Amino acid sequence: MESRWRKAKMSLGLNLCVYVPRTLDDGDSPSTGSSTAALVSPVASSSSAATSANTTPTAEQRVKGAGALMPTTPTPTSAGLRLSKSGSKSFKKTCAICLTTMKPGQGHALFTAECSHTFHFHCIAANVKHGSNNCPVCRTKWKELPFRGPLPGEFPQGSARINPVNGHQNGGQMTILRPLPRARSSGRLHHMTSLLPDTDRSIFNDDEPLDSLSEANEGSQQGCLRTVEIKTYPEFTEVPESTSERNFTVLVHLKAPLAQTLQTSSKLEDGNSLGTTRAPVDLITVLDVSGSMAGTKLALLKRAMGFVIQNLGSSDRLSVIAFSSSARRLFPLRRMTETGRQQSLQAVYSLTSNGGTNIAEGLRKGSKVIEDRQAKNPVCSIILLSDGQDTYTVSPTAGVHKAAPEYCSLLPYTSNGCQQVPVHVFGFGADHDSVSLHSISQTSGGTFSFIETEAAIQDAFAQCIGGLLSVVAQDLHVKVESLHPDVHFGSIRSGSYSSRLADDKRNGSIDVGDMYAEEERDFLVSVNVPPGYGETALLKVGCVYKDPLMKETINMADVQVKISRPAFVSVQSMSIEVDRQKNRLHAAEVMAEARLSAERGDLTHAVSLLEDCRRMIMGSTSGQSGDRLCQALDAELKEMQERMANRQRYEASGRAYVLSGLSSHSWQRATARGDSTDSESLIQAYQTSSMVDMLLRSQTMSRSSTPRQMRHVKSFPARPQPR
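Presented here is an overview of the structure given in this document. (Residues numbered from 1 in each chain as written. Predicted model: local features only at pLDDT ≥ 70, side-chain atom pairs only at ≥ 80, totals over all residues. Heavy atoms only, no water.)

### Section: the overall build of the protein chain
In step 1: When helices and strands are counted, the protein chain shows 16 helices and 23 strands.
In step 2: Within the span of the protein chain, comprising 723 residues, buried residues form 51% of the whole.
In step 3: When contacts within the protein chain are restricted to residue pairs at least 6 apart in sequence, those whose partners lie at least 24 apart make up 72%.
In step 4: Approximately 32,000 Å² of the protein chain is accessible, and the part contributed by carbon and sulfur atoms is 51%. (Helix = DSSP H or I, 4+ residues; strand = E, 2+ residues; numbered from the N terminus. Buried < 20%, exposed > 50% of the residue type's maximum accessible area, 1.4 Å probe, protein only. Contact = heavy atoms within 4.5 Å. Areas by Shrake-Rupley, 256 points an atom, 1.4 Å probe, with all protein chains shown as cover.)

The structure is reproduced here in structure tokens:
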């Protein structure tokens with residue numbers, strides 16, 4: 001009969017999942033002893049990390065007596081990563097969650113699951129904490145989960161710290177394996193579900209408060225303030241005195257200032273009292289983690305999000321929404337302090353892919369985070385990425401010519417009911433719904449980017465946040481007013497920006513919104529020119545905007561537009577600045593017209609329209625002068641022609657490429673499409689210095705840290721079947 005001591009140890013070992021060493025009282029020999037304990041996973045310290053990935057036992061493997069641990073062999077296949085030719089040998093050295101190497105002796109504990117796949121313990125523990133009970137690689141449902149015990153200071157006062165027999169300790173922290181709770185074990189189940197994301201939360205008012213120090217400093221900042229620059233260019237500087245013009249064009253040019261340098265009354269984080277400061281950002285990223293994102297796509301998305309997190313400042317706040325068949329918030333708006341970054345990285349690295357593509361629900365939840373927040377940073381934006389069709393909004397049988405779903409009701413609004421929060425959308429791969437995604441960006445005032453190759457996702461994100469982290473003007477409004485009783489406005493060509501003309505045609509306005517540092521905006525105003533003598537004052541232009549850092553309203557002095565009226569003009573030379581913008585707007589109109597022809601199936605006519613536009617641009621005054629914008633437009637139109645060569649090419653990339661180009665030129669803001677983020681590409685319109693700097697940072701980091709199995713990634717193949 002077995003001793004009571006042995007029974008007690010067996011019970012303790014099975015319930016707590018710890019290894020209980022044998023004694024001579026157990027009766028059985030070491031070679032025949034029963035399996036009574038699971039492995040205690042070591043704490044992430046340099047001493048515990050000496051255990052190799054090849055010798056770390058799984059949760060199902062039991063120690064027989066005091067004998068040696070049996071080595072494990074990873075499964076040869078993996079749906080989570082695109083492996084190198086070395087197969088499982090390569091996989092054992094790379095964590096499928098954070099994509100970094102797993103070498104013994106580097107200060108990180110390793111965990112080998114019952115399915116034989118190995119991960120960094122802190123990575124997989126975060127994965128479990130955020131609600132995943134399946135292996136990120138093979139999707140096996142685990143019976144036993146890695147669990148991180150509370151850190152020092154997390155215990156409530158008066159609570160005891162219970163250490164299992166022979167449990168590894170490190171400053172009061174313990175890491176063990178816990179079986180999944182049974183349905184009847186309500187206490188454990190409540191503890192586990194409390195770690196899951198708040199998928200059922202109805203109000204997202206739990207955002208982290210803003211930095212009190214930065215708020216106190218806002219009122220004490222003394223500006224070396226630069227303002228938005230206004231310039232005007234008449235189509236012709238001289239018009240004969242006896243001549244009248246019906247459609248005379250005046251270009252209104254705006255340029256935002258550089259990032260501001262402010263003198264503060266208290267020292268900055270680096271110890272200096274003088275530094276370059278910017279308006280902090282509330283950023284919500286809405287990420288597609290559906291089944292089609294499995295493998296390299298999801299791995300590169302995690303790396304891109306890691307880049308975003310590392311480049312946000314301590315006053316910036318981030319929240320992440322992940323969506324597939326449903327949507328869940330990984331964490332509330334959180335300041336990107338050192339602690340906030342680490343927690344955010346763990347949450348992002350824990351993402352796994354499965355299910356459908358519910359873009360609408362992801363967007364709805366992201367908007368809810370913005371609308372319910374208690375504190376508000378001056379700048380706010382949503383980044384939305386998807387690689388598929390919105391199967392929960394659009395009927396899959398609707399066909400190519402289906403109407404885009406109505407997303408307007410899902411977009412975030414400010415308290416006064418005005419649309420203020422842009423959604424910058426990224427279509428990922430060959431199978432995303434570019435029409436719907438473009439409509440979301442267009443309605444919200446954001447941009448639409450086409451990420452054609454997997455490896456370009458980080459650069460696309462870098463370009464976007466390079467702009468968001470440099471906002472220097474908000475709610476900018478341009479006003480134009482006639483200065484002559486006989487001068488009336490005919491039209492205002494402002495692209496996607498809202499413009500209005502008064503009933504008497506003597507006043508007009510343009511709503512520009514936010515401007516990044518060094519961004520430029522160009523608008524064409526058409527007026528009539530009456531006969532006159534000497535000089536004719538046509539109109540005046542002014543603007544008003546809010547400085548997001550100083551929180552002051554800036555009224556710019558009006559700039560007048562005048563032309564000379566000589567008796568005779570020998571040669572009229574059109575302004576190159578005006579001609580360049582006419583070419584840009586004409587190219588955008590032709591792109592839209594060519595797309596409509598392509599959607600109707602007439603690709604030949606679409607290509608012909610683009611060819612005619614190219615000839616017109618390169619034969620114009622600005623085109624003949626070697627203008628860089630005209631050269632970029634010509635290269636872009638040529639690329640569109642090639643992507644409309646046949647129906648298959650148009651469906652795979654042509655439509656998305658055209659829509660991204662339309663978004664860029666109508667908002668006069670940089671978007672990613674094709675190789676536009678490549679330094680050697682001609683198509684780099686509207687990039688600012690802050691965008692270029694962030695791009696260089698991304699590309700430098702990618703060259704130095706890209707895992708071997710992700711190098712030389714080509715463009716996406718189309719999925720063989722719908723999701």
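### Overview of helix H7 (residues 338-349)
In step 1: Taking 1.5 Å per residue as the helical rise, H7 with its 12 residues ought to reach 16 Å, and the 17 Å between its terminal C-alpha atoms agrees with that figure.
In step 2: Turning to H7, its buried residues number three or more, namely Gly 340, Arg 341, Ser 344, Leu 345, Ala 347 and Val 348. End-on view of H7: buried residues confined to an arc of 165 degrees, all on one side of the axis. With respect to the buried face of H7, the exposed residues turned more than 90 degrees away are Glu 338 and Thr 339.
In step 3: Packed against the buried residues of H7 are helix H6 (296-310), strand S11 (317-323) and strand S12 (327-335). (Expected span 1.5 Å × (residues − 1). Arc of directions from axis to C-beta.)

### So, the sheet that holds S11
In step 1: Spatially, six strands are ordered S12-S11-S10-S13-S14-S15 in an open sheet, and the strand pairing comes out mixed. Either end of the sheet is taken by a strand with one partner, and the two such strands are S12 and strand S15 (448-451). Pairs of neighbouring strands in the sheet enclose a mean axial angle of 15 degrees, with direction left out of account.
In step 2: Sheet topology places strand S10 (residues 281-288) next to strand S13 (residues 379-386); seven bridges connect them, and they run parallel. (Pairing = 2+ DSSP bridges. Axes fitted to C-alpha atoms, helices over the stretch in contact; angles between N-to-C directions.)

### A word on unusual backbone geometry
In step 1: Backbone geometry places Lys 551, a non-glycine residue, at a positive phi of 55 degrees.
In step 2: In this fold, Lys 551 is placed in the loop between strand S21 (534-547) and strand S22 (552-555).
In step 3: Here Tyr 686, not a glycine, exhibits a phi torsion of approximately 75 degrees, which is positive.
In step 4: One can find Tyr 686 in the loop between helix H15 (647-667) and helix H16 (689-705).

### Describing the environment of Met 694
In step 1: Relative to the helices and strands, Met 694 is located in helix H16.
In step 2: Residue classification places Met 694 among the buried residues on the basis of a relative accessible area of 8%.
In step 3: With 232 residues separating them in the primary sequence, Met 694 and Ala 462 have C-alpha atoms 5.6 Å apart.
In step 4: Excluding its chain neighbours within four sequence positions, the residues that come into contact with Met 694 are Phe 307, Asn 311, Ala 462, Ile 465, Gly 466 and Leu 469.

### Concerning the environment of Ser 290
In step 1: Mapped onto the elements, Ser 290 comes out in the loop between S10 and H6.
In step 2: Ser 290 sits 67 residues away from Thr 357 along the chain, and the two C-alpha atoms are 5.7 Å apart.
In step 3: At 2.7 Å, the side chain of Ser 290 forms a polar contact with the side chain of Asp 288. (Polar contact = N/O pair within 3.5 Å; in protein donor to acceptor, adjacent residues only side chain to side chain.)

### Re the nonpolar core
In step 1: Counting 98 residues, the largest nonpolar core has Ile 440 and Phe 461 as its most contacted members.
In step 2: The leading source of residues in this core is H6, at eight residues.
In step 3: Looking at which domains feed residues into this core, each of domain 2 (281-391 + 407-470 + 676-702) and domain 3 (577-667) supplies at least three.
In step 4: Other than its neighbours up to four places away in sequence, Ile 440 contacts Ile 359, Leu 363, Leu 384, Tyr 407, Leu 411, Val 423 and Val 425.
In step 5: Counting 36 residues, the second-largest nonpolar core is a separate cluster that includes Phe 236, Phe 248, Val 250 and Val 541. (Core = buried A, V, L, I, M, F, W, Y, C linked by side-chain atoms within 4.5 Å. Domains from an automatic or database assignment.)

### Examining the side chain of Ser 494
In step 1: Within the secondary structure layout, Ser 494 lies in the loop between strand S17 (489-493) and strand S18 (499-501).
In step 2: A residue is classified by how much of its surface remains accessible, and Ser 494, at 5% relative accessible area, is buried.
In step 3: Side chain to side chain, Ser 494 and Ser 499 meet in a polar contact 3.4 Å long.

### Side note on the pattern of salt bridges
In step 1: Taken as a whole and assessed by the stated rule, the structure comprises 29 salt bridges.
In step 2: Put simply, Arg 317 and Asp 207 hold a salt bridge, and the shortest N to O gap is 2.8 Å. Note that Arg 317 is positioned in strand S11 and Asp 207 in the loop between helix H4 (186-193) and helix H5 (212-218), a separation of 110 residues in sequence. Each member of the pair, Arg 317 as well as Asp 207, is classed as buried.
In step 3: Ionic contacts of the salt-bridge type, sharing partners, join the residues Arg 595, Glu 599, Arg 647, Glu 651 and Arg 655 into one network. (Salt bridge = Lys/Arg side-chain N within 4 Å of Asp/Glu carboxyl O.)

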